[in-house]
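Descriptive analysis of the structure
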Amino acid sequence: TKLNYTSIECVLYAFHQTASRVPGFLHPLCGIKISTGQPENKIDEDHTAKLADLHKRLAVANKQSTEFVKKLQQVRTKLNETKAEGEEAKKDLATKKEACTASLLTCNHV
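The model shown is predicted, which means the values in this text are computed figures rather than measured ones.

The rules behind these values
- Residues numbered from 1 in each chain as written.
- Predicted model: local features only at pLDDT ≥ 70, side-chain atom pairs only at ≥ 80, totals over all residues.
- Heavy atoms only, no water.
- Axes fitted to C-alpha atoms, helices over the stretch in contact; angles between N-to-C directions.
- Helix = DSSP H or I, 4+ residues; strand = E, 2+ residues; numbered from the N terminus.
- Parallel < 35°, antiparallel > 145°, perpendicular 65-115°, else oblique.
- Left-handed = near helix turned anticlockwise from the far one by under 90°.
- Contact = heavy atoms within 4.5 Å.
- Nonpolar A, V, L, I, M, F, W, Y, C, P; charged D, E, K, R; others polar.
- pLDDT = per-residue confidence, 0-100.
- Salt bridge = Lys/Arg side-chain N within 4 Å of Asp/Glu carboxyl O.

The subject of this paragraph is the packing of helix α1 (residues 5–21) against helix α4 (residues 87–109). For the pair α1 and α4, the least separation of the axes is 9 Å and the interaxial angle reads 40°. Here α4 runs oblique to α1, going by the angle between their axes. The handedness of the crossing between α1 and α4 is left-handed. Listed contacts from α4 to Tyr5, Thr6 and Glu9 of α1 are Thr106, Cys107 and His109. Per-class residue counts for the contact of α1 with α4 are two nonpolar, three polar and one charged.

The structure is reproduced here in structure tokens:
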């Protein structure tokens, strides 16, 4: 399965920002049960299946991004060893190096 790491990074960032700004956002997902007495408070809900599914999906994304980082590091090494002849070739090589570095940064954030 091919993953779009930029999209994953954005979703994880949004998830993190929401969780940090909304108290109790992750409580149901993590199995923390706090009774506030409000109607939307569903104490008896069991979210362990959702949490297990989230952990599984995050583990798959992490494994695939780690493998992709290794491949990108190999590509970056080859690009650094490449000698460009001429101005156009140098610009093309610089563009490839920048794209590889940007991809590496994105994958490392996932």
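A word on the confidence of the model for the chain. Model confidence for the chain is summarised by a mean pLDDT of 80, while 77% of its residues fall at 70 or above. Mean pLDDT in the chain bottoms out at helix α2 (residues 27–30), which sits at 65, and peaks at α4, which reaches 87.

This brings us to the pattern of salt bridges. What the rule picks out here adds up to two salt bridges. Here Asp53 ties to Arg57 by a salt bridge, and the two come within 2.9 Å at their closest N and O atoms. Within this pair, Asp53 and its partner Arg57 are both found in helix α3 (residues 48–81), separated by four residues, close to a single helical turn. Two residues, Asp92 and Lys96, come together in a salt bridge whose shortest N-O distance is 3.5 Å. Highlighted residues: Asp92 and Lys96, both in helix α4, separated by four residues, approximately one helical turn.

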